[in-house]
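Residues per chain, in single letters:
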Amino acid sequence: MHPFGPEATSAPHPIYARLREEAPAHEIPLAENFTAWLITRYDDARRALNDPRLSKNMAGNPIRSGGGWPDELRAAMDSHMLSNDPPEHTRLRRLVSSVFTARRIADLRPDVQRISDELLDGLAGRDEVDLIGEYAFPLPLQVICELLGVPMDDRDSFREWSNTIIAGALVQGDPLAAATAMNAYVRSLVERKRAEPDNALLSALVTAADEGDRLTENELTSLVFLLLIAGHETTVNLIGNGVFVLLNHPEQLARLRADRKLVSPAIEEFLRYESPVKTATFRLATEPVEFDGVTVPAGAVVMVSLLSANHDPQAFADPERFDPARSDNQHLAFGHGIHYCLGAPLARLEGEIAFNGLLDRFPKLRAAQPLDELIWRPGALLRGLDRLPVMLN
Ligand code: HEM
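As the structure is a computational prediction, the values presented were derived from the model and not from experiment.

Our next topic: the site of the ligand. Near the ligand you find 28 residues, and of these His 89, Thr 281, Arg 283, His 339 and Cys 341 are the closest. Between the ligand and Ala 230 there is a distance of 3.3 Å, counted from a nitrogen atom to a backbone nitrogen or oxygen. Separating an oxygen atom of the ligand from a side-chain N or O atom of Thr 281 is a distance of 2.5 Å. Elements with a minimum of two residues in the shell around the ligand: helix H6 (88-99), helix H13 (217-231), helix H14 (233-248) and helix H18 (344-361). A per-element tally of the shell around the ligand places H13 first, with four residues. Across the shell around the ligand, the residue classes tally to 18 nonpolar, eight polar and two charged.

Overall, antiparallel pairing links the three strands, which are arranged E4-E10-E9 in an open sheet. Strands with a single pairing partner mark the edges of an open sheet, and in this sheet they are strand E4 (128-130) and strand E9 (366-367). Pairing of E9 with strand E10 (residues 389-391) involves two bridges; the strand directions are antiparallel. Residue Ala 367 lies in a different strand from E10, and its bridge partner there is Val 390.

Rules used in this analysis
- Residues numbered from 1 in each chain as written.
- Predicted model: local features only at pLDDT ≥ 70, side-chain atom pairs only at ≥ 80, totals over all residues.
- Heavy atoms only, no water.
- Near = heavy atom within 4 Å.
- Polar contact = N/O pair within 3.5 Å; in protein donor to acceptor, adjacent residues only side chain to side chain.
- Helix = DSSP H or I, 4+ residues; strand = E, 2+ residues; numbered from the N terminus.
- Nonpolar A, V, L, I, M, F, W, Y, C, P; charged D, E, K, R; others polar.
- Pairing = 2+ DSSP bridges.

Below, the structure is given as C-alpha cells:
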C-alpha cells in the first residue's frame, strides 16, 4: 500500500498505522527508477530531523534537478536556508531571524485582523461558499504580501504566479513561465526597496544584506520564494484542515464556541491531527543511517512522515482521537531541529485570528456536502483539501 497513493491521500491514517507497525523505515518507489526511504515513527522522526548525516543540500540529486528548469532560475529560487546545511544554513537563518522577529510578527497582528475581517465581510450574506478559495487561500497570501511589502497593485499578479507555481500541474497554467515572471518581478521589487526603503520585511532584508554584504542576489530572491512557498499553502491547509476537523466533530465545534480559550490548543491539535505538511522535505543520507535495526544506505533520499509521527501511539495517548484540550502536545507539524519552521509564530497568529473570526461571524457554519466526499489534493508533501464547500447562514 503506497503511502502517497490515492487511497492514502483520502484516508492516510490506517496506512501509516500499518507502516509504523511493520518497520521503522520503508523504501518506497517515488518515480520510475527512483525510491525514497520513509520514516514513520515519532522517535525516529525527531532523530532524523536532527541528524547532520541527513543533508538538506540536494544539489545534483535527480529529485532536485528534475523538471528541466534553467539553472539560473533554480539558483534564483533554491538558494535558501531550507536547501542548505550549516554553515550556510546558519548564516542565512541568522540573517532572516534578525529581521523576522517576534516584534515584527506582533506588529502584523492588526494587519492580519484587517485582512481576515475584509475577507469575512465579503462572505457575509452569502449562503454557500468554498471556504478554501474564499478564505483559507487568500488570507495567508495577503499576509505574506503585507509582511514582505508587496505593493497593493501587484498583488493580483503575485497571487496568480504563486498559485501556478505552488499548484504546478494541478491547475491550468505554466509553472516555468510563472516562476520566470515572478523571478523578474522579485528582482525589480528588490531594486525598488533599495531605492525607496519602507518598513516591511523585504526592505529590512535588503538593508541587512547590503550592510554586511552577506546575502547574494540569488539568496535574496530565493528567500522570497521560500517565504511564499513555505508560508502560503501550509497555512491554507492549517485553516482548511482545521475547519474540516471541526465540521467532522460538531461537539468539539460547539465546545470551542463556548470556550474560546480552547482555540490556541485546538490549533495545536489541528496541526497534529491533520498536519498541513504531511512529510518533511527531502533529505539525503551522506552516510549509512540506522533506524532501529534498519539501515538506510548512503546516497539514499529520506522522507520523514510528520503526519504519521503525529499519530504514533508511542508518543500520543489515543492518537486517533481529536482532542482540542490535549495537554503536552509535542507534535512535529512544524518540523524539528535546525530547520524547525521559522514562521511558526506567524502561522499560529493567522490561525488564531482565522478561527476566531469564523466562530464570531458564522454561528451556523456547517458542511455543504458530505465530508467524506471531499477531495484531498494529491502529492507527497502537503495535506490539504481542494475545496471545502460550507453553508454560512
Ligand atoms: C520550515 C511547517 C508556516 C516559513 C518548515 C518545516 C515545516 C514547516 C514542517 C520544516 C521542513 C523540513 O525540515 O523539511 C509549516 C506549517 C505552517 C508553516 C505546518 C503553517 C501552519 C510558515 C510560515 C512561514 C514559514 C507562515 C513564513 C512566512 C518557514 C521557513 C522554513 C520553514 C523559512 C525553513 C526553516 C529552515 O530551513 O531553517 N515549516 N510552516 N512557515 N517554514 Fe514553515
